[in-house]
Amino acid sequence: MRVLRNCLLGAVLAFAVSGCAIEPWVKPYERDHIADPIMSFDRDPVSSSYIHHVYEAREGARGATGSAGGGCGCN
Amino acid sequence: MTRRAHSLRALGLALAAPALVALAPTATAGVLPEDRADVLYHSYDGGGVTIDGPSFLVRKQFAGKFSAAANYYVDNVSSASIDVVTSGASPYEEERTQYSLGLDYLRDRWTFNLGLSSSSENDFEAETVSLGISQDLFGDLTTVSLGYTLGDDVVMRRGDSDFLDTIERQHYRLGVSQILTPNLLLGFSFETITDEGFLNNPYRTVRYLDGDSAIGYSRQPELYPRTRTSDATSLRLKYYLPYRAALHWEYRNYVDTWHIDASTVEMSYTQPLSDGFTLEARVRSYSQESADFYSDLFPYEDAANFLARDKELSTFDSTTFRIGVTYDILETGWRFIERGSVSLFYDHMLFEYQDFRDLRNTAGLTPGTEPLYEFNADVIQIFVSFWL
């Protein structure tokens, strides 16, 4: 739980400083590669959710399988 | 063990409802997910178990600030697994059905999402509610997400109308997506899950040495703790290669209060071709240490406060190899469809157990000296996607 608390604290701090003007070091016009569909962490959600289901049904581990910023809503 | 011992819950499927993942927003917080419809057929065949069925996923924006999603998912199970075979039970067939709904609301650089899910099978019901919030920060280079899921499960035992128990599950999630360079993305996820309730399988048994038994051992029901808390942390990197291809690397660490310690490493390569095809190759390696109350063979009856012989709680390694191909269709659009694609993914999985023994054909063998169990599985996904 200590790890979770530290992560949540970090998230709160990040939210808190969101109003600060930080110069983006990758300009918007430099993001065409990042925006390419092949760079998506989760290009086909219907497929990735299925394969995570396959893994989770046969492995002891669970969680943190969603794409960044998303997460797993598995029950 | 009776036929009912091998329900979907016996396979652990009810513990891994998938659809809310499909509904989780995966784009950056300042943009709603794409309007998209997917029709998927999935098939799993391995270890004497076949599972197949459809999954339908539709997502559509409305009113400029909302995106709604719906998913219908089915597992049709036909099982003659090692548990079925070694218990002398008959192979069985069963079905799990799941419905999920999701709603995203975009406001400035914030995205709020709500998810609902309901899963049903003959001896297990699961309901979940999921909440999430995301925001883009630092010139949209960073996306931070927080999420919470509450799940309420009902556990039943077929043939025993007096048995009814519950599980409450809570998930706490943190996700960060970071643009590091014009060609490199980083993703970080952390998730804590707490379970409280009836966590073991109501049918499965453990075995223990018994000199009075003709086969050298006897069985008694499993007994798990009623609580479990786990922490999973994952790190992902995605790199764009100069000739338009993508490399993906991922690592996940997992620990829980049952002392299961697991790690996952995954790498993939995605290569679009000029004629509308996109190829993907992936390898994934998973290994775990067993729960501290797991044993393939206990020394005597009631040997510990908690008892398990579920191979998913044992020490084992698994490796998965994938090849996949996607072909673009309707590139110029058709009516309300902007474009589409057809995909075929094939995964080959290998499981090697280090302390779960194969009790088939063990005549003449002393208990505890049987060969270790291993099996392969083939997983096929065929799906059609339309962007609306």
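Residues numbered from 1 in each chain as written. Chains lettered and ligands numbered in written order. Predicted model: local features only at pLDDT ≥ 70, side-chain atom pairs only at ≥ 80, totals over all residues. Heavy atoms only, no water.

Enquirer: Which residues make up the overall build of chain B, and what values go with them?
Expert: The helix and strand tally for chain B stands at 2 helices and 18 strands. The burial tally for chain B puts 53% of its 388 residues in the buried class. If you take every contact in chain B between residues at least 6 apart in sequence, the share linking residues at least 24 apart comes to 61%. In the form shown here, chain B has an accessible surface area of approximately 16300 Å², with 57% of it arising from carbon and sulfur atoms. If the 32 positive side-chain charges of chain B are averaged to one point and the 55 negative ones to another, these points end up 5 Å apart. (Helix = DSSP H or I, 4+ residues; strand = E, 2+ residues; numbered from the N terminus. Buried < 20%, exposed > 50% of the residue type's maximum accessible area, 1.4 Å probe, protein only. Contact = heavy atoms within 4.5 Å. Areas by Shrake-Rupley, 256 points an atom, 1.4 Å probe, with all protein chains shown as cover. Lys, Arg positive; Asp, Glu negative; His and termini not counted. Charge placed at Lys NZ, Arg CZ, Asp CG, Glu CD.)

Enquirer: Break down the packing of aromatic side chains for me, citing the residues and quoting the values.
Expert: The tally for this structure, following the rule as stated, stands at 24 aromatic pairs over all chains. Measuring from centroid to centroid gives 5.4 Å for F345(B) and F383(B), while their planes differ by 80°, and the two rings are edge-to-face. Remark: F383(B) occurs in strand β18 (residues 372–387) and F345(B) occurs in strand β17 (residues 339–357); sequence separation between them is 38 residues. Classification of F383(B) by relative accessible area gives buried; the value is 0%. Among the aromatic residues, ring-to-ring pairing joins Y286(B), F316(B), F351(B), Y353(B), F356(B), Y373(B) and F375(B) into one connected group. The positively charged end of R157(B) is found above the aromatic ring belonging to F163(B), 4.2 Å away from the centroid. Lying across the ring of Y55(A), R284(B) places its NZ or CZ 3.5 Å from the centre. (Phe/Tyr/Trp six-rings, centres within 6.5 Å; stacked < 30°, edge-to-face > 60°. Lys NZ or Arg CZ within 6 Å of the ring centre and 35° of its normal.)

Enquirer: So, a nonpolar patch on the surface: which residues are in play, and what are the values?
Expert: Residues and elements named next belong to chain B. Residues F62, L101, L103, L114, L116, V129 and L131 make up a contiguous nonpolar surface patch of about 570 Å² in total accessible area. Counting residues per element, the ones that place at least two in the nonpolar patch are β4 (92–107), β5 (110–121) and β6 (124–137). Looking at where F62 falls in the secondary structure, it is placed in strand β2 (residues 49–62). You can call F62 partly exposed: its relative accessible area is 40%. (Patch = residues over 30% accessible without salt bridge, like charges linked within 9 Å, V, L, I, M, F, W, Y side chains within 5 Å. Salt bridge = Lys/Arg side-chain N within 4 Å of Asp/Glu carboxyl O.)

Enquirer: Give me the lowdown on the side chain of N71(B), citing residues and values where you can.
Expert: Within the secondary structure layout, N71(B) lies in strand β3 (residues 66–79). A polar side-chain atom of N71(B) sits 2.7 Å from the main-chain carbonyl oxygen of F56(B). (Polar contact = N/O pair within 3.5 Å; in protein donor to acceptor, adjacent residues only side chain to side chain.)

Enquirer: Provide a residue-level description of the pairing of β5(B), including the pertinent values.
Expert: Residue and element names in this part refer to chain B. In β5, alternate side chains face the same way, and those of T111, N113, G115, S117, S119 and E121 are buried while those of W110, F112, L114, L116, S118 and S120 on the opposite face are not. With 11 bridges connecting them, β4 and β5 associate as antiparallel partners. Paired with R107 across the strands is W110, a residue of β5. Connecting β4 to the antiparallel partner β5 that follows it, the hairpin turn spans 2 residues, and D108 within it adopts a positive phi of roughly 55°. Across 12 bridges, β5 lies against β6 in antiparallel orientation. Residue pairing across strands places E121 opposite F124, the latter belonging to β6. (Pairing = 2+ DSSP bridges.)

Enquirer: Account for the side chain of S67(B), naming residues and giving values.
Expert: Residues and elements named next belong to chain B. Secondary-structure assignment places S67 in strand β3. A relative accessible area of 0% means that S67 is categorised as buried. A polar contact of 2.9 Å, which involves the side chain of S67, links it to the side chain of R59. Those residues in contact with S67 that lie beyond four places of it in its chain are L32, P33, R59, K60, Q61, F62, G102, L103 and D104.

Enquirer: Residues and numbers for the nonpolar core, please.
Expert: With 43 residues, the main nonpolar core has Y44(B), L313(B) and M349(B) as its most contacted residues. Of all the secondary structure elements, the ones that give two or more residues to this core are α2 (45–58) of chain A together with β2, β3, α2 (82–87), β6, β17 and β18 of chain B. Counting residues in hydrophobic clusters, the runner-up holds 10 residues, among them V26(A), F41(A), L141(B) and Y240(B). (Core = buried A, V, L, I, M, F, W, Y, C linked by side-chain atoms within 4.5 Å.)

Enquirer: Describe a negative patch on the surface, and please don't skip the residues or the numbers.
Expert: A grouping of E127(B), D152(B), E168(B) and E196(B) is seen on the molecular surface, where their side chains present a negatively charged patch. Exposure remark for E127(B): the relative accessible area of 40% places this residue in the partly exposed category.

Enquirer: Tell me what's going on with the confidence of the model for chain B, and back it up with residues and numbers.
Expert: Residue and element names in this part refer to chain B. Residues with a pLDDT of 70 or more make up 93% of chain B, whose mean pLDDT is 91. Overall, residues 1–19 carries pLDDT values under 50, and its contacts beyond four positions in sequence, including any with other chains, amount to 88 contacts. Across the whole predicted complex the pTM is 0.88, and at the interface the ipTM reaches 0.91. (pLDDT = per-residue confidence, 0-100.)

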